[in-house]
Amino acid sequence: EDKVVQSPLSLVVHEGDTVTLNCSYEVTNFRSLLWYKQEKKAPTFLFMLTSSGIEKKSGRLSSILDKKELFSILNITATQTGDSAVYLCAFIVQGAQKLVFGQGTRLTINP
Amino acid sequence: KAGVTQTPRYLIKTRGQQVTLSCSPISGHRSVSWYQQTPGQGLQFLFEYFSETQRNKGNFPGRFSGRQFSNSRSEMNVSTLELGDSALYLCASRSEAANTGELFFGEGSRLTVL
């Protein structure tokens, strides 16, 4: 069965710290992996990763995919209180039109 | 450009009742999918519609159904509600033309079953 495992499930750090969120997956027909940020209700898109070893960056956030070891990481540097959210990892199965989500990592940034 | 709109935002029902939730996708998006989010199970795929046809279905019982209209608006229905159906129901739309895989989510409909 296709599945996504995120770790840690919860993380509390101080403002200015750097955090690394992990996402490992088992899927029979991998197409792409996506990261979303969910603050209150609607998850908002961060990155989509399809190729192994190519880092995607957006400001203080970056992500990379390792298709051999079947995992992805999301890094956030110089964290701010506004980064507090649940970060969701999901993959798209080739040929299917659905996302399979992990449980999410709840990140709390304390001032 | 308006985002994905879901109605109602909040609703309370009792066991055995049925509920219909509505979703209006981003203009031009023809793919609409539905997800259930609960604290225990996370986000789980319900179904996906494209051009009024259900293309994919998740592992939910037949009490969960949906449909899509010619204007791409979608509804989902849950019959014979159970306590465990209490959840945030998220709708997402996608542009097939963009082929990015990115889903745009609505704010969700929070259903409480008493």
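Residues numbered from 1 in each chain as written. Chains lettered and ligands numbered in written order. Predicted model: local features only at pLDDT ≥ 70, side-chain atom pairs only at ≥ 80, totals over all residues. Heavy atoms only, no water.

**Section: the environment of Val12 of chain A**
All names here are of chain A.
Reasoning step 1: With respect to the element layout, Val12 can be found in strand S2 (residues 10-14).
Reasoning step 2: In this structure Val12 comes out as exposed when scored by relative accessible area, which is 53%.
Reasoning step 3: Along the backbone, Val12 and Ile109 are 97 residues apart, and their C-alpha atoms lie at a distance of 6.0 Å.
Reasoning step 4: When residues no more than four places from it in sequence are discounted, the contact partners of Val12 are Thr108 and Asn110. (Helix = DSSP H or I, 4+ residues; strand = E, 2+ residues; numbered from the N terminus. Buried < 20%, exposed > 50% of the residue type's maximum accessible area, 1.4 Å probe, protein only. Contact = heavy atoms within 4.5 Å.)

**Notes on the nonpolar core**
Reasoning step 1: By size, the foremost hydrophobic cluster in this structure holds 24 residues, and its most contacted members are Tyr25, Leu33, Trp35 and Phe91 of chain A.
Reasoning step 2: It is strand S9 (residues 85-93) of chain A that provides the largest number of residues to this core, a total of 5 residues.
Reasoning step 3: Counting residues in hydrophobic clusters, the runner-up holds 21 residues, among them Val4, Tyr49, Phe64 and Ala87 of chain B. (Core = buried A, V, L, I, M, F, W, Y, C linked by side-chain atoms within 4.5 Å.)

**A closer look at unusual backbone geometry**
Reasoning step 1: Omega for the peptide link from Ser7 of chain A to Pro8 of chain A comes to -10°, which places this bond in the cis form.
Reasoning step 2: Within the secondary structure, Pro8 of chain A is located in the loop between strand S1 (3-7) and S2.
Reasoning step 3: Pro8 of chain B follows Thr7 of chain B through a cis peptide bond whose omega is -10°.
Reasoning step 4: Following the sequence through the fold, Pro8 of chain B ends up in the loop between strand S1 (5-7) and strand S2 (10-13).
Reasoning step 5: Not every positive phi belongs to a glycine, and Leu70 of chain A is a case in point at roughly 60°.

**Re the interface of chain A and chain B**
Reasoning step 1: In this assembly, 17 residues from chain A lie in contact with 25 residues from chain B.
Reasoning step 2: Between chain A and chain B the total buried area reaches about 1700 Å² when both faces are included, carbon and sulfur atoms providing 52% of it.
Reasoning step 3: The three residues of chain A that bury the most area against chain B are Lys41, Gln97 and Phe101 of chain A, which together make up 36% of that side's buried surface.
Reasoning step 4: At the junction of chain A with chain B, the criterion picks out 0 salt bridges.
Reasoning step 5: Taken together, chain A and chain B are joined by 5 residue pairs in polar contact (both at pLDDT 80 or more).
Reasoning step 6: Every element with two or more residues in the side of chain A that touches chain B is listed here: strand S4 (30-38), strand S5 (44-49), S9 and strand S10 (99-101) of chain A.
Reasoning step 7: With 4 residues, S4 of chain A is the single largest residue contributor to the side of chain A that touches chain B. (Buried area = accessible area lost by both parts, 1.4 Å probe. Salt bridge = Lys/Arg side-chain N within 4 Å of Asp/Glu carboxyl O. Polar contact = N/O pair within 3.5 Å; in protein donor to acceptor, adjacent residues only side chain to side chain.)

**A short note on the sheet that holds strand S8 (residues 74-78) of chain B**
Sheet strands pair via backbone hydrogen bonds, and the direction of the pair is either parallel or antiparallel.
Residues and elements named next belong to chain B.
Reasoning step 1: Strand order in the open sheet made by the 4 strands is S1-S3-S8-S7, with antiparallel pairing throughout. Lying at the two open borders of the sheet, with one neighbouring strand each, are S1 and strand S7 (64-68). Geometrically, the sheet is characterised by an average inter-axis angle of 15° between neighbouring strands, direction not taken into account.
Reasoning step 2: Strand direction decides the pairing type here: S7 and S8, joined by 5 bridges, are antiparallel. Its bridge partner lying in S8, Ser65 is registered against Asn77. (Pairing = 2+ DSSP bridges. Axes fitted to C-alpha atoms, helices over the stretch in contact; angles between N-to-C directions.)

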